[in-house]
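Fold and geometry: a report
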Amino acid sequence: MLPHVYRVTKYDPADRDQHGHYVGAEPATSDHGPVEAAYLRAIAAFAEDTGVDKLAIREPQLGGFVHFGLEPPIDGYGLTGLFPAGPAGFHDGALVPIAVGLELVRSMLRDNGAWCRLEAGGAFAVHVGWDQYLYIGSNLPCETALARTRALGLFPERLDASPYDFVPDDPAYVQRPADADFWARLHWTVSAHRAVFLEEVFAVNAFRWHRLTRDNIETVRSQLAPRAQLAIWPDLLTDVDKAVAALPDEGLVEIVWEDEDGQITSTVVDETQFEAVTSQLASARAAGVVSMYAGEDLPLFTAVLPDSDGVLRARWQTEPTPSDRDWAFLKTLRRGQVVTGTVTSIASFGVTFVDIGGFTAMINIPELSWRPFDHPSDVVSVGQEVTAEVLDVDMVWERVPLSLRAVQEDPWPQVAQRIGQVVIGAVTKIVPFGVFVRIEDREDGFQGLVHTSELDESSGEVVEVGDALTVKIIEVDMARRRISLSHTQARTTRSEGGIEGGSA
């Protein structure tokens, strides 16, 4: 916030009542002649005192979103000749010389249809109010400029702050940047949908549509206006009749269509204009309808272009989509972080889904437990609260794999210490190359393999599932999590009186 802020008007503060309303003899409407010229000279004087020669356009708006004077908007919004690239040059962050900044102020005073904040970092700012007053801020007292302003017949009044300083709708909301993760996700989305639509907003009420395919996505990316707000929408319907049938009975909607030449057009209309607009769709290749009411239709996800140094300086705020909310949450996570969540479901293919702060993470079967189990429901149940470690945060696929066993003590080092022990365990499975034996007296006890070569078949007895078998732990492969057992060595050790212990 700048320390020196002034409201500059043609109205003498002495002629205001106790409520701040002007009661003097000056006409309440602006004069586009000498008063306008005085306003522009006052701005130039403050800029000179502050040492500013360029201004940055912030939060630009086009097309009648603000009205200061009595004149209707004009073609070009008063920007004609100011930007070589046309209206697209009127974007957030665009630097303009003081002379162009003064012409923008003139356009705003005349209500030509364009509005913006003009700022120079933390040094200088010019705002044109809805009341057609000027609000000039500086980091310096600017005594010379104040004297020149008064000499011009204007009245600078000291304020604590400009009422048109930027204030975010939601200070806690973090806008997604169009960074490497965003473009990777967009490439994946285009591949999954074959095509999507990108809505490029470079000023409020000023936008362009682009149909993205695998072939043109990078070309479109290179042509976007700096700091543009991007919204990704599903592809248009090639069944135009179906798109028209989706029109509501009444309400404000945006109709987007692609003509036979691939040109994309959109218009915002209400029910009184539906018939006229739909008649234009007769030869369209594809079309779509988007509600203009908050919360009714949302894009797949949104983002804002950062500056060339990767820093996001645009102050756009959009209604967050579910994907945007997921992105914001994922930004708070890191690999190795321990989180708490609630099991929401166990899929038929074994993956367990866990709600962590409104985001659905997943636990793959190997990460449920160090110990053996037949089904995830043997370890967790729906509704159970669990604590797990974040294994990865995939910003492109928006996936977070968790591990339950990572927050549990690894029992395998203890198993490795039992090499050489002879135990009695139950046979759990018979396979062509041997039998598996549980070496711990618990349902989820570890099992080892007695290879056929390590079975003592001299007795001629047939081993069956459930039989108790005396085995020796001869190897524990920590890397592969495998236990090798021997029945023959166990019998030798037992005959020598070397049984160290065991379990049934």
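Summarised in this report is the structure supplied together with it.

Basis of the calculations
Residues numbered from 1 in each chain as written. Predicted model: local features only at pLDDT ≥ 70, side-chain atom pairs only at ≥ 80, totals over all residues. Heavy atoms only, no water. Helix = DSSP H or I, 4+ residues; strand = E, 2+ residues; numbered from the N terminus. Pairing = 2+ DSSP bridges. Axes fitted to C-alpha atoms, helices over the stretch in contact; angles between N-to-C directions. Parallel < 35°, antiparallel > 145°, perpendicular 65-115°, else oblique. Left-handed = near helix turned anticlockwise from the far one by under 90°. Contact = heavy atoms within 4.5 Å. Nonpolar A, V, L, I, M, F, W, Y, C, P; charged D, E, K, R; others polar. Salt bridge = Lys/Arg side-chain N within 4 Å of Asp/Glu carboxyl O. Buried < 20%, exposed > 50% of the residue type's maximum accessible area, 1.4 Å probe, protein only.

Let us now look at unusual backbone geometry. Its identity is not glycine, yet Asp-111 carries a phi of approximately 55°, on the positive side. When you line up the elements, Asp-111 lands in the loop between α2 (98-109) and β4 (114-120). Of note, the phi angle at Cys-142 is positive, near 55°, even though the residue is not glycine. With respect to the helices, strands and loops of the structure, Cys-142 is situated in the loop between β6 (134-138) and α3 (143-151).

Right, let's talk about the sheet that holds strand β12 (residues 264-269) for a bit. Adjacent strands of a sheet pair through backbone hydrogen bonds, lying either parallel or antiparallel. Sheet architecture is open: three strands sit in the order β12-β11-β13, paired in antiparallel fashion. Two strands close off the open sheet at either side, each with one partner strand: β12 and β13 (286-291). Each neighbouring strand pair of the sheet contributes to a mean axis angle of 15°, computed without reference to strand direction. Summarising the sheet, strand β11 (residues 253-258) and β13 pair through six bridges and their orientation is antiparallel. Bridging from a neighbouring strand, Val-256 pairs with Gly-288 of β13.

Further remarks concern the packing of helix α1 (residues 34-50) against α3. Taken N-terminus to C-terminus, the directions of α1 and α3 make an angle of 165°; their axes are 8 Å apart at the nearest point. Classed by the angle they form, the pair α1 and α3 counts as roughly antiparallel. Handedness of the α1/α3 crossing: right-handed. Of the residues in α3, those touching α1 at Ala-42, Ala-45, Phe-46, Glu-48 and Asp-49 are Glu-143, Thr-144, Ala-145, Leu-146, Arg-148 and Thr-149. Taken together, the residues that form the contact of α1 with α3 break down as five nonpolar, two polar and four charged.

Moving on, we come to the pattern of salt bridges. Using the criterion set out here, one finds 28 salt bridges in the structure. In this structure, Glu-218 and Arg-221 form a salt bridge, with 3.7 Å as the shortest nitrogen-oxygen distance. Of this pair, Glu-218 and Arg-221 both sit in helix α5 (residues 217-222), three residues apart, which is roughly one turn of that helix. Exposure remark for Glu-218: the relative accessible area of 39% places this residue in the partly exposed category. Exposure remark for Arg-221: the relative accessible area of 34% places this residue in the partly exposed category. Counted as one network, the salt bridges with shared partners bring together Arg-58, Glu-59, Asp-92, Arg-117, Glu-119, Arg-227, Asp-307, Asp-309, Arg-313 and Arg-315.

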